[in-house]
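What follows is each chain in one-letter form.
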Amino acid sequence: MNLTKKLVLAAAAVAFTAPLAMADLVFPSLSYRTGPYAPNGIPFADGFEDYITLLNERDGGIGGEKIRLVECETGYNTTKGVECYESVKAEGALFIVPNSTGITYQLIPKATADDIPLATHGYGRTSAANGDVFSHVFNFPGTYWDVATVIVKHMKEQSGGSLEGKKIALVYHNSAYGKEPIRTLEENAKKDGFELMLLPVDHPGQEQKATWLQIRKERPDFVTMWGWGVMNQVAIQEAAAIRFPMENFIGVWWSGAEQDVVPAGDAANGYKAATFHNVGTDYPLLDEIKKHVHDKGNAAGDGSHIGTVLYYRGIMNALWAAEAVKKAQEMTGKSDVTAGDVRDGYENLVLTEEDYAALGLPNFTVPINVTCQNHGGPGLGAIQQWDAASKTWSLVTDFIEADRSIVDPLIAADAEAYAKENNIAPQCK
Amino acid sequence: MFYREAGEFKTTYAKDGATFPISFDFWRFWILMAVAFVLVPMVINGYWANAVFLPFLVFSMAALGLNILQGYCGQVSLGTGGFMCVGAYAAYKFMTAFEWLPVPVIIILAGFITAIVGIGFGLPSLRIKGFYLAVATLAAQFFLPWLSSKWEWAYNYSATGQITAPERTILGVPIAGPQPEPWAAYLLCLTMVFIFGWVARNLVRGRIGREWMSIRDQDIAAEINGVNPLMAKLSAFAVSSFYIGMAGAMYFMIWKGAAEGTEAFSIIVSFDVLFMILIGGLGSIFGSYIGAAFIVLLPVIFKNVFVGMMGWPTDIAELTQRTFVGVLIIFFLIVEPHGIAALWRTLKEKLRLWPFPH
Amino acid sequence: MFLTDPFFWEVVISGLLAGVMYSLVALGFVLIFKASGIFNFAQGIMALFAALTLVGILTGQLPFAHVWDALFGLGAHHLYDPPVNAEGDPQLWFVALAIAATLGVMIVLARLVVGIVLRPLVGQEGIILFMATIGLGLVLEGGGDLMWGSNVKPLNVGLPDNAPSDMIIDATGMFLSKLEIAAAFVAVILVAALTVFSQYTSMGRALRAVADDHQAALSVGISLETIWWIVWSVAGLVALVAGMMWGAKSGIQFSLSLIALKALPVLMLGGFTSIPGAILGGLLIGVGEKVFEFYIGPMIGGATENWFAYVIALLFLLFRPQGLFGDKIIERV
């Protein structure tokens, strides 16, 4: 076969990918601006990018070092995700935000071996909250299992303090992501005495008629959803079409963005979703971004997503990463930190309400206090509700604490099994 | 000029039927193999292994398999992803149930399991033909990954249905699992692809290969001439699925280290492999490799050129690249509908005569 | 046990309605296959492309805005503000205009496809033409997103929403989506129009002549290229209708192109060459998969709809290899 030709091409390609010798802080963004999940990926990537541009424009980077953003398109596909990982690693990435539960699973062993921290805020492998076993994974401020119990708690409150004899349906994306909460909800069902109904929806999820007929037939009191992409929009439409009371329909924090509810129009009114940060546009940080980034014409994408839920998710990811880098700079005393230093930075990250206020996000999100054992953060979640008339989300609860008595034993068991399977010695003293 | 054939005399039938009848081709092939086996492992790193060489080798294997079925036996199939899924999950079960099994043996066993499944899905081919068969094989494509996500035994009752390969070593070198040594993983895959490429080459020029081709060219005529269509079609499905199953096992154990049936082996994989053999050349072993190289490398090269060199936004680069690949496919089909392998053949004929075209 | 279940008939009827939506996509495949023997894999992507174009025109989006932005730093994203009525919905005449303009785009596209892609490939095997349409699909997929962006866009053309019709609930207790009922009407009109077109116009007769025998048609002076152009344009129209119906439900986004996968089993079942087959096949598949998912699905873990349609079609083909109404396959040595 024609390997010579291939090698020539390959050699040409290596010339292009050869890492640039610059002392910048390399922030990779594994984004997906194309493909079936692009509507969700674009605002996230824009928020991430805008925050980094802000740091560069306003503060000149972090600790005097400019940040270099390396974007790589994954299309929400694991194959491309792994390729992106290898290429940003070659560029000297300080951390990885995989932006997909599937990619996270692939990268956990690789990133651990390469000493690069994986920041999977609010998704990925839940048991990675156990920092003893998963030394390089950080999934604060909460995991899928935390949020599952938060949602159940909210349902319990709604139905007057008890779920005894109630029926809860889980409509989920038939993938690793969608299956994450099943075990927790099963445990929770035992504890609170409700009945759990599982309703998977296959990718992409444009046809859900039978699923929702099932719901109409079985009449669950509550429905929760682990959906992503077009599945969210269709599910909300179908829920409205069977006249399911929307206030009893609560999505996970990845099923609660403007993109999910807007196409459904008025039908989506009253739909709820979990979240780990506040909503609205009334924050000093947004003004800063407008002033230093958008007004100078440096907005990522078309700049239209500012202030939306997933845009904030992007900001939060960039913000936590930047704070971890700051922490690493403090700890090492040098400005050009390595990926290993940033891992330590993540592990010692402490952010209080005052810190957030100083960063321009007062009353916005939950305080973080990462320790060697606990990478999963406080495990707090609030519930937001959609108002179709004004096209805004609003928080309807305070931040609710997850049911630790359910989540913690599950995390311990799963982490222990993983440690045994892969011969991992606990890292914490 | 490039080919000096003076003095090459074929004195036996065996020589006349050799794969590389011209000594220049013969030497060139072995020099290439020497480069592939000796030089590449010395310089390979994680990026090259995971983004270029391992995908190329894995998909070469799958393309070989599909080419046997479609290029040699004429049975159109869109079930490749489903069969790779079977191979991957079979490998996972073998890995976790029998920890002492060496990796190459697991790959071959996974191939056998897939062959059995392949025969099952090949049965309708006796009744259904052409595009109807192509669409019918989609049943395998959708059913098998679905089964892998629902049959808890297949993924050892893990919480998410994701399968993760435990680490395996050969002589102390990690070869399969989450973080195999790049050169070792590459060498293992290369060896498998080399051996089974050789097997395929000899299968298709033997009795069974001729049976397949006669079925492809005209199945009724073949039947009249004494070819048993049942045996020919099912054997093609079996051999093809065997290769594709091995590709799936390599994909999971060596290249990715973790997989999720419905995501990793979606219909996109089936189409990619189909592109490979159509662009490379139907009914050509060489075409399977060149097609795999084309489809695996093209996006990587485009990405590096657009994003790395020209600094385009990633989404524009990705979409432009997709458009380009589409244009290239149409272009190739118009220029040479029988694939790059046919183009290569024409070129070679010209080179043999060059500089005297008559 | 089924018949006494109050939900049984609702499952069946919503299956029928879903089936109509599948048929809409399948129709496009059949038209092209019948006239030119090409299995047009790009049909689903044509639906996406048509819907994207429609929304783009409706909202006055600047094509390739993102590209201009990246290349020249042009901040503009809008060409014009669409005329709206008191409720903020676009004016009806403007919607009609936008649909007509989109149809124009699809006709131009059809011309380009026939001229650039198909003409050089005349006489090639089916699989080669099939591949070419996959290439075309990639071009439209990349090109469409480059042109109009990858965001999800709500489609607002005055179609009824997905909410159930009160009248039907009162009368029968069934929850049937108004959108899907509208889709069923549209499908009926479309099929009737296509039938009239192919039976009673001279163009239609030429079309059928080409479908019967290319060379015989050529020898009586029918231009193959013109016929193909017309067929691809009509398929473009069908794609636009399918894109609108599906897009009204989920918003216009990339996933729309994946509906083609739902149409393939319909084609198998109905036969690649039969318009009534596409309709009946769609209905059978719709009902079959809904009933299976509803009654058997929960026992085996659910999410069966993707593969079950293929399995029905496969089992069916074992008994009738050319589908329900497909042309009998005659084999000669």
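Model, not experiment: these values are computed from the prediction. (Residues numbered from 1 in each chain as written. Chains lettered and ligands numbered in written order. Predicted model: local features only at pLDDT ≥ 70, side-chain atom pairs only at ≥ 80, totals over all residues.)

Remarks on the overall build of chain C
Rules: What counts as a helix is a DSSP run of H or I of at least four residues, what counts as a strand is a run of E of at least two, and both are numbered from the N terminus. With C-alpha atoms as the basis for the radius of gyration, the globule rule is written as 2.2 Å multiplied by the number of residues raised to the power 0.38. Remark: C-beta atoms are placed from the backbone, and a residue is labelled buried if 20 or more other C-beta atoms sit within 10 Å of its own, exposed if 12 or fewer do, or partly exposed between those counts. What counts as a contact is two residues whose backbone-derived C-beta atoms lie within 7 Å of each other.
Regarding its fold elements, chain C presents 13 helices and 0 strands. Counting from the amino terminus, helix and strand elements in chain C follow one another as α-α-α-α-α-α-α-α-α-α-α-α-α. Taking 20 Å as the expected radius of gyration for a compact globule of 333 residues, we find that chain C reaches 21 Å, a close match to that expectation. Summarising its shape, the C-alpha atoms of chain C cover approximately 65 × 60 × 40 Å along the three principal directions. Relative to its 333 residues, chain C shows a buried fraction of 53%. Put simply, of all contacts in chain C between residues at least 6 apart along the chain, 72% involve residues at least 24 apart.

Considerations on the packing of helix 3 (residues 46–72) of chain B against helix 7 (residues 182–204) of chain B
All names here are of chain B. To be explicit about the condition: Here the axes come from fitting lines to C-alpha atoms, over the contacting stretch only for helices, and the angles between their N-to-C directions go from 0 to 180 degrees. Roughly parallel means an angle under 35 degrees; roughly antiparallel means over 145; roughly perpendicular covers 65 to 115; every other angle is labelled oblique. Left-handed describes a crossing whose near helix is turned anticlockwise from the far helix by less than a right angle; the clockwise case is right-handed. Amino acid classes used here: Ala, Val, Leu, Ile, Met, Phe, Trp, Tyr, Cys and Pro are nonpolar; Asp, Glu, Lys and Arg are charged; the rest, including Gly, are polar.
Running from amino to carboxyl end, helix 3 crosses helix 7 at an angle of 15°, the nearest separation of the two axes being 10 Å. Put simply, helix 3 runs roughly parallel to helix 7. The hand of the helix 3/helix 7 crossing is left-handed. For the pair formed by helix 3 and helix 7, the contact residues are Gly46, Ala49, Phe53, Leu54, Leu57, Val58, Ser60, Met61, Leu64, Ile68 and Tyr72 on the first element and Pro182, Ala185, Tyr186, Cys189, Leu190, Met192, Val193, Phe196, Gly197, Ala200 and Val204 on the second. Residue composition of the contact of helix 3 with helix 7, grouped by class: 19 nonpolar, 3 polar and no charged.

Side note on the interface of chain C and chain B
Every contact between the two is made by 42 residues of chain C and, on the other side, 37 residues of chain B. Listing elements by their share of the side of chain C that touches chain B, those giving two or more residues are helix 3 (65–72), helix 5 (126–148), helix 11 (260–270) and helix 13 (305–319) of chain C. The biggest single contributor to the side of chain C that touches chain B is helix 5 of chain C, with 15 residues. Partitioned by chemical class, the residues of the side of chain C that touches chain B number 30 nonpolar, 9 polar and 3 charged.

Side note on the nonpolar core
Using the following cut-off: The term nonpolar core refers to a group of buried residues, namely Ala, Val, Leu, Ile, Met, Phe, Trp, Tyr and Cys, whose C-beta atoms join them within 7 Å.
Ranked by size, the top nonpolar core spans 382 residues in total, and within it Met61(B), Ala91(B), Cys189(B) and Met250(B) carry the most contacts. Looking at which element gives the most residues to this core, the answer is helix 3 of chain B, with 18 residues.

Regarding helix 3 of chain B
Note: α-helices contain 3.6 residues per turn, so residues at a spacing of three or four share the same orientation. Residues and elements named next belong to chain B. For clarity, the cut-off: To obtain the bend at a residue, axes are fitted to the seven residues ending there and to the seven starting there, and the angle between these axes is taken.
When the local axis directions of helix 3 are compared, the greatest deviation, roughly 35°, occurs at Phe53, which is followed within four positions by the proline Pro55. Across the 27 residues that make up helix 3, a large majority, 25, are buried. At the exit of helix 3 stands Gly74, carrying a positive phi of roughly 75°.

Focus on the pairing of strand 3 (residues 173–176) of chain B
Residues and elements named next belong to chain B. Put simply, the rule reads: Pairing between strands is defined by DSSP: at least two bridges between them are needed.
Of the strand pairs in this sheet, strand 2 (residues 168–170) and strand 3 are connected by 3 bridges, and their pairing is antiparallel. By the bridge assignment, Ile170 is partnered in strand 3 with Val173. In this antiparallel pair of consecutive strands, strand 2 and strand 3, the connection spans 2 residues, and Leu171 shows a positive phi of 50°.

Looking at helix 11 of chain C
Of all 11 residues that make up helix 11 of chain C, 10 are buried, and the element is covered over most of its length. What helix 11 of chain C keeps buried is the set Ala260(C), Lys262(C), Ala263(C), Leu264(C), Pro265(C), Val266(C), Leu267(C), Met268(C), Leu269(C) and Gly270(C). On the buried face of helix 11 of chain C, the contacting elements are helix 6 (130–150) of chain B together with helix 1 (6–36), helix 2 (43–59), helix 12 (275–300) and helix 13 of chain C. Positive backbone phi, approximately 100°, marks Gly271(C), located one or two places after helix 11 of chain C.

Considerations on the interface of chain B and chain A
Contact residues are listed per partner, giving 38 residues for chain B and 38 residues for chain A. The set of elements that each furnish at least two residues to the side of chain B that touches chain A consists of helix 2 (23–43), helix 3, helix 11 (261–264), helix 13 (285–309) and helix 14 (314–335) of chain B. When residues of the side of chain B that touches chain A are assigned to their parent elements, the largest contribution, 11 residues, is made by helix 13 of chain B. Here the side of chain B that touches chain A is composed, by residue class, of 21 nonpolar, 12 polar and 5 charged.

Considering the packing of helix 4 (residues 80–97) of chain B against helix 6 of chain B
Any two packed helices are characterised by how steeply their axes cross, that is the angle between the axes, and by the distance between the axes. Residues and elements named next belong to chain B. It is the contact of helix 4 with helix 6, at a shortest axis distance of 7 Å, that shows an interaxial angle of 25°. As the angle between them shows, helix 4 and helix 6 are arranged roughly parallel. Our pair here, helix 4 against helix 6, has a crossing hand that is left-handed. Each of Gly81, Gly82, Phe83, Cys85, Val86 and Tyr89 in helix 4 lies in contact with helix 6, whose residues at this interface are Ala140, Gln141, Phe143, Leu144, Pro145 and Ser148. For the contact of helix 4 with helix 6, the residue count by class is 8 nonpolar, 4 polar and no charged.

Some remarks on the environment of Gly345(A)
Residue and element names in this part refer to chain A. By the element assignment, Gly345 lies in helix 13 (residues 339–347). Of the residues examined, Gly345 has 26 C-beta atoms within 10 Å and is grouped as buried. Between the C-alpha atom of Gly345 and that of Leu25, which follows or precedes it by 320 residues, the distance is 14 Å.

As for unusual backbone geometry
Residues and elements named next belong to chain A. The linkage connecting Phe140 with the following residue, Pro141, adopts the cis geometry, with an omega of 5°. Phi angles above zero are rare outside glycine, and Asn99 is one such case at about 60°. Mapped onto the elements, Asn99 comes out in the loop between helix 3 (78–91) and helix 4 (101–114). One non-glycine residue, Asp115, lies in the positive phi region at around 60°.

Considering the pairing of strand 2 (residues 67–73) of chain A
All names here are of chain A. Applicable threshold: With the strands aimed away from the viewer, a crossover counts as right-handed if its path from the first strand over the helix to the second runs clockwise.
Summarising burial for strand 2: 5 of the 7 residues are buried, a large majority. As defined by bridge partners, strand 1 (residues 25–31) adjoins strand 2 across 7 bridges and the pair is classed as parallel. What sits directly across from Ser29, in strand 2, is Glu71. Remark: the strand 1/helix 2 (residues 38–59)/strand 2 crossover connection has right-handed handedness.

The quantities given are spatial measurements derived from coordinates; they are silent on function.
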